[in-house]
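Chain by chain, the residues run as shown.
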Number of protein chains: 2
Amino acid sequence: MAPLTVPFKQMDVFTSVPFKGNPVAVINCLDINDDQITKEQMQSIATWTNLSETTFLFKTKLKECDYKLRIFTPVKELDFAGHPTIGSANAFLQFTKPTTKPKSLKQECGVGIIDLKIDENDRISLKANVNGYEVMDSQELKNEYSSALGDLKIINDPITVNTGIKWLVIFTQDSKTCFDCDPNYTKIAQLSKKYDNIGVILAGKKSNDNQQYEMRAFAPVINVNEDPVCGSGSISCITAIQHYEKFVHTTNISITQGGRVNRDGRLFTIIKVSEDKSITYHTGGDALCLVDGKINITI
Amino acid sequence: MAPLTVPFKQMDVFTSVPFKGNPVAVINCLDINDDQITKEQMQSIATWTNLSETTFLFKTKLKECDYKLRIFTPVKELDFAGHPTIGSANAFLQFTKPTTKPKSLKQECGVGIIDLKIDENDRISLKANVNGYEVMDSQELKNEYSSALGDLKIINDPITVNTGIKWLVIFTQDSKTCFDCDPNYTKIAQLSKKYDNIGVILAGKKSNDNQQYEMRAFAPVINVNEDPVCGSGSISCITAIQHYEKFVHTTNISITQGGRVNRDGRLFTIIKVSEDKSITYHTGGDALCLVDGKINITI
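Residues numbered from 1 in each chain as written. Chains lettered and ligands numbered in written order. Predicted model: local features only at pLDDT ≥ 70, side-chain atom pairs only at ≥ 80, totals over all residues. Heavy atoms only, no water.

**As for the overall build of chain A**
Helix and strand content of chain A: six helices and 18 strands. The C-alpha atoms of chain A give 19 Å as radius of gyration, which agrees with the globular expectation for 299 residues (19 Å, within 12%). Its C-alpha atoms give chain A principal-axis dimensions of about 55 × 45 × 30 Å. Taking all 299 residues of chain A together, the buried fraction comes to 58%. Of the contacts made within chain A by residues no fewer than 6 positions apart, 65% connect residues no fewer than 24 positions apart. Accessible surface, chain A as shown: approximately 12,300 Å² in total, 46% of it carbon and sulfur. (Helix = DSSP H or I, 4+ residues; strand = E, 2+ residues; numbered from the N terminus. Rg over C-alpha atoms; globule rule 2.2 N^0.38 Å. Buried < 20%, exposed > 50% of the residue type's maximum accessible area, 1.4 Å probe, protein only. Contact = heavy atoms within 4.5 Å. Areas by Shrake-Rupley, 256 points an atom, 1.4 Å probe, with all protein chains shown as cover.)

Here you go:
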C-alpha cells in the first residue's frame, strides 16, 4: 500500500478560550477518493485520537451540498453529532479558503443534510433535525437515574430527544446542583443500554432565569464519561425546555458547560418560532484551530 | 499575551502498525523559554488532547542530559511514564535531526535522569528506575481485586512496584484469561485510592512460556480506564516476574498488549543480570510519527 498523508486539524469548539472547549480532530479527505480510506481505518484513527469524535471531510455527490462528513467516536460511527459538525464546518472553510465568504453551508452526513449559517462574527450555527421526542414519565426510570446521578433531585419527567442520536434530558433544581453532580458511570452506561439512549443531558436553570442554563453530558456507554461541551446535547436540552416552557416567540437560550471538567464552553442556542408557529432548534458557537498539520494514514 | 505557536507531533508508541500503539502528544518547547508556558497551560492542553499523556520537551540545564521532559495526564503531572518517554525521545530526534545518529540519550524528568539506548533498528529503550517493590500478601486485598476484576483468578500475591508511579501487578493463570478480563472501573479506582497505586497491571503467560506474556493496564483513578500499551507497566510487570522467576542470566521478555482494545502493541523488555548479579530493568519498542504540525498555545 502506498503511503497516504492528508491535512489534519484539531479544532476547539464552543469556546473562545484555547483548550477550554470541546476538541474534534478533522481529517481532510477532500482531495482523495472515498476508496482510498476504509471505514476500518477511520475507526482505528478515531480510537487512537481518543477524542469524543474524529471526523472525515469528503467530496459530496449531492449538488446542493458543500461536503460530506463522516463522524466516529472511539468505538463507532455516528450519523450526526453537534460539536463535530461546528468544528468540521470551520475546518472546511480553513482548508478550502473560499475567496467569497459564504453565509451558509450544507453538510451531507448520516442523518441527511444539515443547514449551517455563518454570522457576521464568523460564528457557525446548525439547524438541527429533531425527529421527535418522548416524555419518560416512569417513576422507576426517575428513581434509577436519580440513583445513578448520586441521589440527584429530578424536577421534571425526563425526555428522550432523537436528533439522530438519543439523549435523555434530565432537569435538576438549579445550575449549582447540576455543576456539583457526581454520576456513577457504570450505572449510567447500564441505564443507557436499558432505555436505548446514548447518555444523559443534565441541566439546571441559573437563578431561576429560563434563558440561562448550566448543562452537563454523560455518555459512558460510548466510552465518553463526560463530554465537556456538547452540541447535540444542547439541541436535546432546548427541545425539552420548549416542551415545558412553551415559548411563543423566538427565544435565545445561553448554555454554559464544562466548568466542572476545567472547560469554559458556551453554546448559543435558539428556539425559533416561525409565523406559522412551527418550531426549529439551532445551536452554534465559536471554534478555534489549535493543532494544524498532516496525518499519516498509512506509512 | 502574544500568540505562541510551537511544533507538535502525535506519536504512536510500542507498535509498528499505524494507530495500533499508544499515542502521546509531544509539544516542542526546545526553542522557547520555560517561563513562556505555565504549568496550568500545560495541564489544560493535556486535558484537552484527552490522551493518557501529553509531554513537553524543554532545554535542560543539566550538561549530561539532552532535554528535559514534563509529562501530564488529563488530570495531573507525572514524574515519569514509560511510553511517553519512548515517544518523546523519538520525537526529540525527529525535531532536532542530529547529523550523527546518537546511540544513547539522557532525559531529565521528575524522577531524575533516564538513560535511553538507541539500537541499530532505531528502536529506543529505557533503563527504568525501580525504587523497590512490595509484595501484597493480604487475602483481603486479593479478594477485593479479584472481585473488581470480574471474579478473576489471581495466582500469586500481587506486587506493588514503584517506578516513580506505583502499579499493582497481578498475575492470572494464562494470557487468554488476561485478555478476557472485564474489570469494574469504579471499583478499581476505589481500590487505587485505598492501596495508594495508579492502577492494575494484569498479566498472564502464553502457553506456560515464562518469556512471553499478554498484559493489560487499568488506571481509572487518573481517568484512563485502559491504557492500551504501557511502558511503565511493562517495567513493573518484569520486576514482579523476576521476583517469582528469579532468572540468573539476562532474559528477554516479550509482552503483547492492547489486543482487547483493538491495538497491536509489543514491548521488548529485558531483565538484565550483571556480572555482579545486580539487576536492571529495560523496556523499548517501535514508535511512529502519525500527526505532524504546529499547536497554538495562545492565539
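Next comes the rest of the description.
**Considering the pairing of strand 4 (residues 67–72) of chain B**
Residue and element names in this part refer to chain B. Burial within strand 4 is extensive, with five of its six residues counted as buried. Both strand 3 (residues 54–58) and strand 4 contribute to a ladder of five bridges, which runs antiparallel. Counted as the bridge partner of threonine 55 is isoleucine 71 from strand 4. Looking at chain direction, strand 4 and strand 6 (residues 104–109) are connected through two bridges and run parallel. If you follow lysine 68 over to strand 6, its bridge partner there is glutamate 108. Summarising the sheet, strand 4 and strand 5 (residues 77–78) pair through two bridges and their orientation is antiparallel. What sits directly across from isoleucine 71, in strand 5, is leucine 78. (Pairing = 2+ DSSP bridges.)

**Here we look at the interface of chain B and chain A**
Contact with chain B, which involves 33 residues of that partner, is made by 33 residues of chain A. Here chain B packs against chain A, burying approximately 2,700 Å² in sum over the two surfaces, 57% of which is carbon and sulfur. The interface formed by chain B and chain A includes zero salt bridges. There are 14 residue pairs in polar contact (both at pLDDT 80 or more) connecting chain B and chain A. Where the side of chain B that touches chain A is concerned, the elements lending two or more residues are strand 1 (4–13), strand 2 (22–28), helix 1 (39–49) and strand 18 (287–298) of chain B. Ranked by the residues each element gives to the side of chain B that touches chain A, the list is headed by strand 18 of chain B, at 10 residues. Across the side of chain B that touches chain A, the residue classes tally to 16 nonpolar, 12 polar and five charged. Relative to strand 18 of chain B, strand 18 (residues 287–298) of chain A is paired through five bridges, and the arrangement is antiparallel. Looking across to strand 18 of chain B, one finds that Ile295(A) is bridged to Val291(B). (Buried area = accessible area lost by both parts, 1.4 Å probe. Salt bridge = Lys/Arg side-chain N within 4 Å of Asp/Glu carboxyl O. Polar contact = N/O pair within 3.5 Å; in protein donor to acceptor, adjacent residues only side chain to side chain. Nonpolar A, V, L, I, M, F, W, Y, C, P; charged D, E, K, R; others polar.)

**Let's talk about the nonpolar core**
Tyr67(A) and Ile241(A) are the most contacted members of the largest nonpolar core, which has 57 residues in total. For this core, the element with the highest residue contribution is helix 2 (residues 82–96) of chain A, accounting for six residues. In this structure, Ile124(B), Phe171(B), Val229(B) and Ile255(B) belong to the second largest nonpolar core, which totals 56 residues. (Core = buried A, V, L, I, M, F, W, Y, C linked by side-chain atoms within 4.5 Å.)

**Digging into a nonpolar patch on the surface**
A cluster of nonpolar side chains, namely Tyr133(A), Val135(A) and Tyr244(A), defines an oily patch on the protein surface of about 240 Å² accessible area. In this structure, Tyr133(A) sits in strand 9 (residues 133–135). (Patch = residues over 30% accessible without salt bridge, like charges linked within 9 Å, V, L, I, M, F, W, Y side chains within 5 Å.)

**Some remarks on the pattern of salt bridges**
Scanning the model with the defined rule gives 30 salt bridges over all chains in all. The residue Lys106(A) makes a salt bridge to Asp115(A) at a minimum N-O spacing of 2.6 Å. Given a relative accessible area of 30%, Lys106(A) falls into the partly exposed group. A residue is classified by how much of its surface remains accessible, and Asp115(A), at 28% relative accessible area, is partly exposed. One salt bridge in this structure joins Asp157(B) and Lys142(B), with 3.4 Å as the shortest N-O distance. A residue pair is termed long-range when its members are at least 10 positions apart, and Asp157(B) in the loop between helix 3 (139–148) and strand 10 (159–162) and Lys142(B) in helix 3 qualify at 15 residues. Look at Lys142(B) and you get buried, because its relative accessible area is 16%. Bridged by salt links that share partners, the residues Lys39(A), Arg70(A) and Glu77(A) form one connected network.

**Digging into the relation of the copies chain B and chain A**
The transform that puts chain B on chain A rotates by 180 degrees and translates by 0.0 Å along the axis, for an RMSD of 0.0 Å. Such a combination of turn and shift is consistent with a two-fold rotation axis. It is Gly293(B) whose C-alpha, among those of chain B, lies nearest the rotation axis, at 1.9 Å. The fraction of interface residues of chain B whose copies in chain A are also interface residues reaches 100%, indicating that both copies meet through the same surface. (Least-squares fit on C-alpha atoms with pLDDT ≥ 70 in both.)

**A closer look at the side chain of Ser254(A)**
Residue and element names in this part refer to chain A. Mapped onto the fold, serine 254 is located in strand 15 (residues 251–257). Separated by 2.9 Å, the side chains of serine 254 and arginine 266 make a polar contact. Excluding residues that lie within four positions of it along the chain, serine 254 makes contacts with Gln211, Gln212, Tyr213, Arg266 and Leu267.

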